[in-house]
Amino acid sequence: MTVRDEQDAPETGTRLRMRKTRTTLADGRELIYFDDSEPYVSGGATRELVDSRPLPPAVSQSQMRFDVLTGEWVVIAAQRMDRTFLPPPDASPLAPSVPGKAPTEIPADDYDVVVFENRFPSLATAAAEQDLPDCVDGEALWPLAPGAGRCEVVCFTSNPDAAFATLSVDRVRTVVDVWADRTAELSTLPGVRQVFCFENRGKEIGVTLTHPHGQIYAYPYLPPRTDALIRRSREHFESTGRLLLADVLDAETRSGRRVVLAAEHWTAYVPAASRWPLEVHLAPHRDVRDLTELSEDERDELAHVYLELLRRVDRFFEGVDAVPYIAAWHQAPVGEDRPLGRLHLQLFSMMRSPGRMKYLAGSESGMGAWVNDTTPERIADRLREVAS
């Protein structure tokens, strides 16, 4: 069954920025069009809402098992083993559905930005329907829970040859609004503790679909990095009365040594203890918890600043046109820990030189003891050298 639900985003000046249209795919997963172009943005036309594929209903057997040795949850998602892997460009499931070819995940023959539930999710609301025991093998030492959450795919453009860094400022501004929209909605799902928007780019880091896209995870627990950050932030607040990430930004600004970009609302810097051979953080000047709290002016400037950072990353290594990277938006948790979080971007690459990658081997993977192969100051110097 197809469901249609359209709403207009708030006006900016006299132009409607974005129109949102919901539908349901053949297996029951949700798909949402976010249009920023005419005639769709004003409602003069509607994208294709009917998925003609004969798909069985979407199910999920994801579960979470508690690792008593680390105190961390591990998601077990065996259905992902058979997910699509590097199809040819003309067979990408993220491309528009073109007449004469097999239909894709997106029924329309064109689109601006599209969000849909992942067909091979790590976490899914349907996982809550499983009848699982409370622990593995009846052993209380190993708690067990359904992998209930949500994983979404965000297609930034219908152009398979594009990259985020080649998008227009207006399109990036739309994506920022989409991230905020999804953060707001997913944060209200039962049991969700954090919403994480991110983009993986490059085969070197395991990307299985080359079409420009990102993902959004709604976690039913605090991921290890967030859990550690909240603990450190709580300790810092109890001893100083201040927010840890705000103090970090202030300290980097006072030093200036690793600041690579400073605008009216945003500052980008290489963290003093960066882990990756290429890493930069981007933070708003205000204490903003997540993307939903950004003002219109902050979102407008973010579109420009974010593009600039991505383009610098692509110029970082001579002779490398498309640097593999992960762009991770860290947002405050949902619930009582929210006041201790602060929005920031962590943009990093595991490439250490042209054609050479930093592999997480014995020390990092086995012991969690990080070693960086360069200095944060050298990273910052290079990011300033390649400024537009």
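Calculation rules
- Along each chain, numbering runs from 1 in the same order as the chain's sequence is written.
- Only residues with pLDDT of at least 70 are given local features in this predicted model, and only at 80 or more are side-chain atom pairs given and counted; all residues enter the totals for whole chains, interfaces and linings.
- To obtain the side-chain values, all non-hydrogen atoms of the structure were included, while hydrogens and water were left out.
- UniProt positions are given in the numbering used here, feature names are shortened, and annotations may be inferred rather than shown by experiment.
- Secondary structure elements follow DSSP: runs of H or I no shorter than four residues count as helices, runs of E no shorter than two count as strands, and numbering proceeds from the N terminus.
- C-alpha atoms define the radius of gyration, and 2.2 Å times the number of residues to the power 0.38 defines the globule rule.
- Here's how the labels work: a residue is buried when its accessible area is under 20% of the maximum for its type, exposed when over 50%, partly exposed in between, all with a 1.4 Å probe on protein chains only.
- For this analysis, residues touch if any pair of their heavy atoms sits within 4.5 Å.
- The method behind every accessible area is Shrake-Rupley, applied with a 1.4 Å probe, and residues are considered shielded solely by the protein chains displayed.
- Orientation is described by axes fitted as lines to C-alpha atoms, over the contacting stretch for helices, and by angles from 0 to 180 degrees between their N-to-C directions.
- For classification, angles of less than 35 degrees are called roughly parallel, those exceeding 145 degrees roughly antiparallel, those between 65 and 115 degrees roughly perpendicular, and all remaining angles oblique.
- In this scheme, strands are said to pair when DSSP sees at least two bridges between them.
- Only buried residues count toward a nonpolar core, which is a set of Ala, Val, Leu, Ile, Met, Phe, Trp, Tyr and Cys residues joined through side-chain atoms within 4.5 Å.
- Note on convention: near helix rotated counterclockwise from far helix by under a right angle means a left-handed crossing. Clockwise means right-handed.
- In this classification, Asp, Glu, Lys and Arg are treated as charged, Ala, Val, Leu, Ile, Met, Phe, Trp, Tyr, Cys and Pro as nonpolar, and every other residue, Gly included, as polar.
- Each aromatic pair joins two rings of Phe, Tyr and Trp (for Trp, the six-membered one) with centres within 6.5 Å, and gets the label stacked for planes under 30 degrees apart, edge-to-face for over 60, and tilted for any other angle.
- Look at NZ for Lys and CZ for Arg. If either is within 6 Å of the ring centre and within 35 degrees of the ring normal, a charge sits over the ring.

The name recorded for the protein chain in an unreviewed UniProt entry is Galactose-1-phosphate uridylyltransferase, from Rhodococcus jostii. One UniProt comment on the protein chain, placed under Catalytic activity (unreviewed entry), says "alpha-D-galactose 1-phosphate + UDP-alpha-D-glucose = alpha-D-glucose 1-phosphate + UDP-alpha-D-galactose". Taken directly from UniProt, the Sequence similarities (unreviewed entry) text for the protein chain runs: "Belongs to the galactose-1-phosphate uridylyltransferase type 1 family."

Caption draft 1: Region of the structure containing the overall build of the protein chain. The helix and strand inventory of the protein chain stands at six helices and 19 strands. The C-alpha atoms of the protein chain give 21 Å as radius of gyration, which agrees with the globular expectation for 388 residues (21 Å, within 12%). For the C-alpha atoms alone, the extent of the protein chain along its principal axes is close to 60 × 55 × 45 Å. Looking at the protein chain as a whole, 53% of its 388 residues are labelled buried. Counting only contacts in the protein chain whose residues sit at least 6 apart along the sequence, the fraction spanning at least 24 positions is 65%. Counting every atom, the protein chain has about 18,100 Å² of accessible surface; 52% of that belongs to carbon and sulfur.

Caption draft 2: Spotlight on the packing of helix 2 (residues 224-240) against helix 3 (residues 244-255). Following both chains from N to C, one finds helix 2 and helix 3 inclined at 80°, their axes separated by 8 Å at the closest point. With respect to helix 3, the axis of helix 2 lies roughly perpendicular. Residues L229, R232, S233, H236 and T240 of helix 2 form the contact with helix 3, whose participating residues are L244, L245 and D247.

Caption draft 3: Up close: the sheet that holds strand 6 (residues 63-67). Strand order in the open sheet formed by three strands is 7-6-9, and the pairing between neighbours is antiparallel. Only two strands of the sheet have a single neighbouring strand rather than two, namely strand 7 (72-76) and strand 9 (144-146). For this sheet, the mean inter-axis angle between neighbouring strands, taken without regard to orientation, is 30°. Judged from the three bridges that link them, strand 6 and strand 9 form a sheet pairing that is antiparallel. The residue of strand 9 that forms the bridge with M64 is A145.

Caption draft 4: Here's a closer look at the nonpolar core. In this structure, F164, W179, V260, L282, Y306, W329 and L347 are the most contacted members of the largest nonpolar core, which totals 70 residues. The biggest single contributor to this core is helix 4 (residues 296-314), with eight residues. With near-sequence residues (within four places) excluded, Y306 lies in contact with F164, V172, W179, A327, W329 and L345. Among the nonpolar cores identified, the runner-up in size contains 13 residues, and L25, A108, F116 and C155 belong to it.

Caption draft 5: Spotlight on the packing of helix 1 (residues 169-186) against helix 4. Where helix 1 meets helix 4, the closest approach of the two axes is 9 Å, and the angle between their N-to-C directions is 120°. Our classification of the angle between helix 1 and helix 4 gives oblique. Handedness of the crossing formed by helix 1 with helix 4: right-handed. Across the interface between the two elements, V169, V172, R173, V176, D177, W179 and A180 from helix 1 touch E296, R299, D300, L302, A303, H304, Y306 and L307 from helix 4. Its residues assigned to classes, the contact of helix 1 with helix 4 comprises nine nonpolar, one polar and five charged.

Caption draft 6: Region of the structure containing the environment of P133. Mapped onto the fold, P133 is located in the loop between strand 8 (113-117) and strand 9. According to the relative accessible area criterion, P133 is partly exposed, its value standing at 48%. Distance from P133 to E301, taken between C-alpha atoms, is 49 Å for residues 168 residues apart in sequence.

Caption draft 7: Seen up close, the packing of aromatic side chains. Counted by the stated rule, this structure contains 16 aromatic pairs. Ring centres 4.8 Å apart and planes at 20° place the aromatic pair W276 and F348 in the stacked group. Of this pair, W276 sits in the loop between strand 14 (266-269) and strand 15 (278-284) while F348 sits in strand 17 (residues 344-349), and the two are 72 residues apart along the sequence. Pair check on accessibility: W276 and F348 agree, each one buried. Here the aromatic residues F156, F164, W179, W266, Y306 and W329 are joined through ring pairs into a cluster of three or more. Lying across the ring of Y40, R47 places its NZ or CZ 3.5 Å from the centre.

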